[in-house]
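Below are the chains, spelled out letter by letter.
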Amino acid sequence: MLGIMEIKIEPSWKEALKDEFEKPYFKELSAFVRSEYTAGKVFPPPKFIFHAFELCPFDNVKVVILGQDPYHNDGQAHGLSFSVPEEVHMPPSLQNIYREIVSDVGGKIPTHGNLEHWAKQGVLLLNATLTVRAHTPASHQNKGWEQFTDTVIKTLSDKKKHLVFLLWGNYAKKKSGLIDFKKHLVLESPHPSPFSAYNGFFGNKHFSQTNAYLKKHGKERVAWVEKSNV
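Please read all numbers here as calculations on a predicted model, not as lab measurements.

Q: Give a detailed account of empty space enclosed by the protein, specifying residues and quantitative values.
A: Scanning the model with the defined rule gives one cavity of 30 Å³ or more in all. Size it by volume and the largest cavity reaches roughly 40 Å³. What lines the largest cavity is simply Pro44, Phe48, Ile49, Pro70, Ala77, His78, Gly79, Leu80, Asn127 and Leu130. Across the lining of the largest cavity, the residue classes tally to seven nonpolar, three polar and no charged.

Set out below in structure tokens:
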């Protein structure tokens, strides 16, 4: 679990963010999260709080996709924005993401919503808030997670170059001020939610644009659809 003294996060991230873990706000956040897991059901399971960082070490990051909260219903959240375990029904936003991928770069829509294969290719699937009380959306907002994840975004912007940041929806777009547009590609569009996908998410071609930028800068392109599904 999220300990006050010992943060179990992938070593390269622990080094990149080491100053953050000693700040008063993070110690308060850590105590709050521990109390929430003790008091009731919280998602994701403790071992998955930093799952995005485990699968995508700091040195491997090429693309950042920013979400807001973890999913708050049973079995959905496993620490990656927009992703769900394979046996879980695919949420509508992720269905729309897949629709745009197939329209943009081809292939077939996958049969599951587990995006771990993206993370292992260097896509950081980062939620702004890393925990949530069961069935209570936004319940862990404004407790300190946003300060932590803002630091993650700014640290990536400052210490790396030629990353792609995908900011979908107004909440994500507000994070653009943390990013150096001269060093990185920032792509913005409406959110893939059914409420807004037809207002500009469909047709944004973010996935082909991302791969073109990565190729231009000598980086491996992302296989957005697993080969077995193509």
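Q: Now, about the environment of Ser81: what can you tell me, with residues and values included?
A: If you trace the backbone, Ser81 turns up in the loop between β2 (63-67) and α4 (92-105). Between the C-alpha atom of Ser81 and that of Leu124, which follows or precedes it by 43 residues, the distance is 8.6 Å. When neighbours within four sequence positions are excluded, Ser81 is seen to be in contact with Ile65, Gly67, Leu115, Leu125, Leu126 and Asn127. Within the structure, Ser81 has its side chain in polar contact with the backbone oxygen of Ile65 (distance 3.2 Å).

Q: Explain the environment of His206 residue by residue, including any values.
A: Tracing the chain through its elements places His206 in helix α8 (residues 206-216). With a relative accessible area of 3%, His206 lands in the buried category. What His206 contacts, discounting residues up to four positions off in sequence, is Asp104, Leu166, Trp168, Leu187, Glu188 and Ser189. A polar atom in the side chain of His206 sits 3.0 Å from the side chain of Trp168.

What counts and how
Residues numbered from 1 in each chain as written. Predicted model: local features only at pLDDT ≥ 70, side-chain atom pairs only at ≥ 80, totals over all residues. Heavy atoms only, no water. 1 Å grid on protein atoms, 1.4 Å probe; cavity = no way out; pocket = protein on both sides within 12 Å on 5 of 7 lines; lining within 4 Å. Points joined across faces, edges and corners; volume = space filled by probe spheres on them. Nonpolar A, V, L, I, M, F, W, Y, C, P; charged D, E, K, R; others polar. Helix = DSSP H or I, 4+ residues; strand = E, 2+ residues; numbered from the N terminus. Contact = heavy atoms within 4.5 Å. Polar contact = N/O pair within 3.5 Å; in protein donor to acceptor, adjacent residues only side chain to side chain. Buried < 20%, exposed > 50% of the residue type's maximum accessible area, 1.4 Å probe, protein only.

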